[in-house]
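# Residue-level structure breakdown
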Amino acid sequence: MAWVSESRLAAAVSNAGGAGIIGSGGRSVEWVQDEIRAAKTLTTKPFGVNIVMLDRLKDEIVELVCAEKVAFVTMGAGNPLPYIAKLQQAGIKVLPVVPSVKLAKRVENAGADAVVIEGMECGGHIGTLTTMALLSNVIPEVSIPVVAAGGIVDGRGMAAALLMGADGVQLGSRFLLATECALHANAKQRIIHAVDTDSVVTGYSRNHGVRGLRNQFADKFLAMEKSGVPDEELNNFATGTNRMAAIEGDVDDGFVLVGQSLSRLNEIMPADAIIKGIMAETIERLNAAPNLTK
Ligand SMILES: Cc1cc2nc3c(=O)[nH]c(=O)nc-3n(C[C@H](O)[C@H](O)[C@H](O)COP(=O)(O)O)c2cc1C
């Protein structure tokens, strides 16, 4: 997660048995290198780096992760195909994030090790399909492992994805409330107090949907979008608002990016406790599943 997923959170997730990810979006190459090296001092477990394919520094960051030999890379918001072989030659597993069957097949044919299907319930940049629709559509069509993302915040969501045939899950929003997450305390409090219907998507009518919390910024953006303001003006208005909320703590004029499963996000706790809770609930739900056929 850009701006908020640093070495501390990534290492804590990996130490708890998950696969932690450092978000490189919007960061300098030096920052990403420092964070990778810091994560290596905090965990001996595998962790990954997310590379945003729209990022102007993506080539340099690909070079860096190859040199640093992180365990895996996730890549979204653009075309990952030119980078798959290079990363794999450096011993890195590649998991592109895709919003459709077509793109899932395309990255599978290009040799991706697994695919993350990300439903539009998720926080941040979204596609058009829901997680349930992606699970239904994509899983029968590919043979590489599928990781489900979007709206999953607990063991019930994880168990459901596994029963649908997913091989794993990716959670973002739930870890915004991890003690180790760098998200500003003001944004954490807004998330804690938000309810399910507080989720909005800006830019959807311009094929550039971004999901976050309804607030002063989002209301203004949506009014501008509706009134037909040109794309460029909208982009200028939105630029920097994720950082503004996440780092500076301006939760009125900044945009707090978070997914739709908001009513369950109500407590800050260590990543270890989050993962233990999710795993216990997943096992409980899966153990209860056979009763459904009796
Ligand atoms: C604050 C925030 C920032 C995110 N930044 C990125 C990013 O930089 N790159 C990316 O591929 N996905 C990003 N995502 C999406 C997550 O990686 C993940 O797929 C998503 O959060 C899963 O859905 P959920 O939010 O319902 O858990 C972001 C999500 C959030 C909430």
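I will try to describe carefully the structure that is included in this document. (Residues numbered from 1 in each chain as written. Predicted model: local features only at pLDDT ≥ 70, side-chain atom pairs only at ≥ 80, totals over all residues. Heavy atoms only, no water.)

## Quick word on helix α9 (residues 185–193)
Basically, it comes down to this: With a 1.4 Å probe rolled over the protein chains alone, any residue whose accessible area is under 20% of its type maximum counts as buried; one over 50% counts as exposed, and the rest are partly exposed. Every helix listed is a DSSP run of H or I at least four residues long, and every strand listed is a run of E at least two residues long, numbered separately from the N terminus. When we speak of the arc, we mean the arc of directions from the helix axis to the C-beta atoms.
For α9, every residue scored as buried is listed here: A187, K188, I191 and I192. The arc that holds every buried residue of α9, seen down its axis, measures 140°, which confines them to one face.

## Let's talk about the environment of A159
What counts, and what does not: Contacts between residues were defined by any pair of non-hydrogen atoms, one from each residue, lying within 4.5 Å.
Within the element layout of this structure, A159 appears in helix α7 (residues 155–163). By relative accessible area, A159 is classed as buried at 3%. A sequence separation of 150 residues divides A159 from L9, and the C-alpha atoms of the two residues are 24 Å apart. Not counting residues within four places of it along the chain, the set of residues in contact with A159 comprises T282, R285 and L286.

## Details of the sheet that holds strand β7 (residues 146–149)
What counts is decided by this rule: Only when DSSP finds a minimum of two bridges between them are two strands counted as paired. Helix axes are fitted only over the stretch in contact, all axes being lines through C-alpha atoms; the angle between N-to-C directions runs from 0 to 180 degrees.
In spatial order, the strands read β1-β2-β3-β4-β5-β7-β8; together these seven strands make up an open sheet with parallel pairing. For this open sheet the edge positions go to β1 (21–23) and β8 (168–170), each flanked by a neighbour on one side alone. For this sheet, the mean angle separating the axes of adjacent strands, direction not counted, is 25°. Across three bridges, the pairing between β7 and β8 is parallel. Paired with A148 across the two strands is V169, which belongs to β8. Relative to the sheet, helix α2 (residues 29–42) contacts β1 and β2 (48–52), its axis offset from that of β1 by approximately 160°.

## Quick notes on the packing of aromatic side chains
As a reminder of what qualifies: Two aromatic rings from Phe, Tyr or Trp, using only the six-membered ring of Trp, form a pair when their centres are within 6.5 Å; if the ring planes differ by under 30 degrees the pair is stacked, by over 60 it is edge-to-face, and anything between is tilted.
What the rule picks out here adds up to four aromatic pairs. When the ring of F217 is compared with that of F255, the centres are 5.1 Å apart and the planes differ by 50°; the resulting orientation is tilted. Taken as a pair, F217 in helix α10 (residues 216–226) and F255 in the loop between α12 (241–246) and α13 (271–288) lie far apart in primary sequence, 38 residues in all. Judged on exposure class, the residue F217 and its partner F255 are both buried. Residues F221 and F237 carry aromatic rings whose centres are separated by 6.4 Å and whose planes lie at 25° to one another, so their mutual orientation is stacked. Remark: F237 occurs in helix α11 (residues 231–238) and F221 occurs in helix α10; sequence separation between them is 16 residues.

## What to know about the sheet that holds strand β10 (residues 210–213)
Taken in spatial order, the three strands make up an open sheet running β6-β10-β9, and their pairing is antiparallel. Two strands in the sheet have a free side with no partner beyond their single neighbour: β6 (124–125) and β9 (199–202). The pairing of β9 with β10 spans four bridges and is classified as antiparallel. Paired with T202 across the two strands is V210, which belongs to β10. On the sheet, α10 packs against β9 and β10 and is oriented at approximately 45° with respect to β9.

## Here we look at the packing of helix α1 (residues 7–15) against α2
For clarity, the threshold we go by: Helix crossings fall into two classes, left-handed where the near helix is turned counterclockwise from the far one by less than a right angle and right-handed where it is turned clockwise. In this count, Pro and Cys sit with the nonpolar residues alongside Ala, Val, Leu, Ile, Met, Phe, Trp and Tyr, while Asp, Glu, Lys and Arg are called charged and the others, Gly among them, polar.
Closest axis-to-axis distance for the α1/α2 pair is 9 Å, and the angle between their directions is 35°. Between α1 and α2 lies a crossing whose hand is right-handed. Between α1, through S7, R8, A11 and N15, and α2, the contact on the second element is made entirely by E35, A38, A39 and L42. A class-by-class count of the residues in the contact of α1 with α2 yields four nonpolar, two polar and two charged.

## Side note on the pattern of salt bridges
Condition: Whenever a carboxyl oxygen of Asp or Glu lies within 4 Å of a side-chain nitrogen of Lys or Arg, that contact is scored as a salt bridge.
Taken as a whole, this structure holds 14 salt bridges when the rule is applied. Across the pair R156 and D154 runs a salt bridge, and its minimum N-O distance is 3.0 Å. Accessibility expressed as a relative area gives 46% for R156, which makes it partly exposed. Taking the shortest distance from any N to any O, the salt bridge between K276 and D272 comes out at 2.6 Å. With a gap of four residues between them, K276 and D272 both fall in helix α13, about one helical turn apart. Given the relative accessible area of 53%, K276 is considered exposed. Among the charged side chains, a network of salt bridges with common partners joins D154, R156, R264 and E281.

Read these as geometric descriptors, not functional statements.
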